[in-house]
Amino acid sequence: MHRVHFRKEDVTVHVPSGTNLRQACIDSGVDPYPALGGVLSCRGKGFCGTCVVGVDDPAALSSPGKRESRYLKRLDSELASHLRLSCQAAVNGDVIVTTNPNKKESWKQHGYYAGPRKPHWERPAQPASPAEASPGEASDAAKKGDETATDPAGNPDVTAS
Ligand code: FES
């Protein structure tokens, strides 16, 4: 028996070796598909790609077949090596699974989408002047007669112009 943990749903099941990962999802009440994916899916034939999941340890699953490899090659993602079609993967070891990894993970990891920004007084301090940021750069700017002066707080100097 192998332990399969669905990270987002916080569900853990124990399945025998060789169990289809998509079937393990469905049997444990975890939906491997995005909202309409289940309706529009190929129902486990390996054609549609809607059942894609992220896994922490790809070695804990069976090797991807020809059809799945062709699909995974198209994914232009840093996470591609940890993505599998759940309908094509058999569980051969303990694994942690992330359902809907593309929509729920990758773009939300970007700083812009990472949640509300902290107020400015809680953010890390910015260098007060360009000289503190990088002395070489500041002197270059001074030599060129850079007119974009800033006050010590880093705001553009409105009196300079
Ligand atoms: S259900 Fe279509 S590829 Fe897995």
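Residues numbered from 1 in each chain as written. Predicted model: local features only at pLDDT ≥ 70, side-chain atom pairs only at ≥ 80, totals over all residues.

1. A few points about the overall build of the chain
Turning to step 1, where the next piece is worked out: Of the regular secondary structure elements, the chain holds 6 helices and 5 strands.
Turning to step 2, where the next piece is worked out: Relative to its 161 residues, the chain shows a buried fraction of 17%.
Turning to step 3, where the next piece is worked out: Pairs at least 24 apart in sequence give 58% of the contacts found in the chain among residues at least 6 apart. (Helix = DSSP H or I, 4+ residues; strand = E, 2+ residues; numbered from the N terminus. Buried ≥ 20, exposed ≤ 12 C-beta atoms within 10 Å, placed from the backbone. Contact = placed C-beta atoms within 7 Å.)

2. Regarding the sheet that holds strand 2 (residues 11-15)
Turning to step 1, where the next piece is worked out: The 5 strands lie next to each other as 2-1-5-3-4, forming an open sheet whose pairing is mixed. Each having just a single partner strand, strand 2 and strand 4 (83-85) make up the two edges of the open sheet. Taking the axes of each pair of neighbouring strands and ignoring which way they run, one obtains an average angle of 35° across the sheet. (Pairing = 2+ DSSP bridges. Axes fitted to C-alpha atoms, helices over the stretch in contact; angles between N-to-C directions.)

3. Some words on the nonpolar core
General note: in soluble globular proteins, nonpolar side chains tend to be found buried as a group.
Turning to step 1, where the next piece is worked out: Within the largest apolar cluster, 19 residues are counted, with the highest numbers of intra-cluster contacts made by Leu21, Cys51, Val53, Leu61, Val91, Val95 and Val97.
Turning to step 2, where the next piece is worked out: Contributing elements (two or more residues each) for this core: strand 1 (2-6), helix 1 (21-27), strand 3 (52-55), strand 4 and strand 5 (95-99).
Turning to step 3, where the next piece is worked out: Residue contacts for Leu21: discarding those within four places in its chain leaves Val53, Leu61, Ser86, Ala89 and Val91. (Core = buried A, V, L, I, M, F, W, Y, C linked by C-beta atoms within 7 Å.)

4. Thoughts on the pairing of strand 2
The side chains of a regular strand alternate, first on one face of the sheet and then on the other.
Turning to step 1, where the next piece is worked out: As paired strands, strand 1 and strand 2 are joined by 5 bridges and run antiparallel to one another. In the strand pairing of strand 2, His2 is matched with Val15.
Turning to step 2, where the next piece is worked out: Linking two consecutive strands that pair antiparallel, namely strand 1 and strand 2, is a turn of 4 residues; a positive phi of about 55° is found at Asp10 within it.

5. Overview of the environment of Gly18
Turning to step 1, where the next piece is worked out: Inspection of the secondary structure assignment puts Gly18 in the loop between strand 2 and helix 1.
Turning to step 2, where the next piece is worked out: For the pair Gly18 and Ser62, spaced 44 residues apart in sequence, the C-alpha separation works out to 8.1 Å.

6. A word on the environment of Val4
Turning to step 1, where the next piece is worked out: Mapping Val4 onto the fold places it in strand 1.
Turning to step 2, where the next piece is worked out: Placed 90 residues apart in sequence, Val4 and Asp94 show a C-alpha to C-alpha distance of 5.8 Å.
Turning to step 3, where the next piece is worked out: Excluding residues that lie within four positions of it along the chain, Val4 makes contacts with Val13, Val15, Ala24, Val91, Val95 and Val97.

7. Quick look at the confidence of the model for the chain
If pLDDT is low for a region, its predicted coordinates should not be looked at in detail.
Turning to step 1, where the next piece is worked out: For the chain, the mean per-residue pLDDT works out to 76, and 62% of the residues sit at or above 70.
Turning to step 2, where the next piece is worked out: Looking at the elements of the chain, mean pLDDT is at its lowest for helix 6 (residues 135-144), recorded as 51, and at its highest for helix 1, recorded as 94.
Turning to step 3, where the next piece is worked out: A low-confidence stretch, residues 103-107 stays under pLDDT 50, and its non-local contacts, those more than four residues away or across chains, total 8 contacts.
Turning to step 4, where the next piece is worked out: Within the model, pLDDT remains below 50 along residues 110-114, and this stretch shows 3 contacts once partners closer than five positions in the same chain are excluded. (pLDDT = per-residue confidence, 0-100.)

8. Some thoughts on unusual backbone geometry
Turning to step 1, where the next piece is worked out: Non-glycine residue Asp10 carries a positive phi angle of around 55°.
Turning to step 2, where the next piece is worked out: For Asp10, a count of 8 C-beta atoms within 10 Å corresponds to the exposed category.
Turning to step 3, where the next piece is worked out: At Arg43, a residue that is not glycine, the phi angle is positive and equals roughly 60°.
Turning to step 4, where the next piece is worked out: Here Arg43 shows up in the loop between helix 2 (37-40) and strand 3.

9. Points about the pairing of strand 1
Turning to step 1, where the next piece is worked out: Sheet analysis places strand 1 next to strand 5, joined by 3 bridges and oriented parallel. Across the sheet, residue Val4 finds its bridge partner in strand 5, namely Val95.

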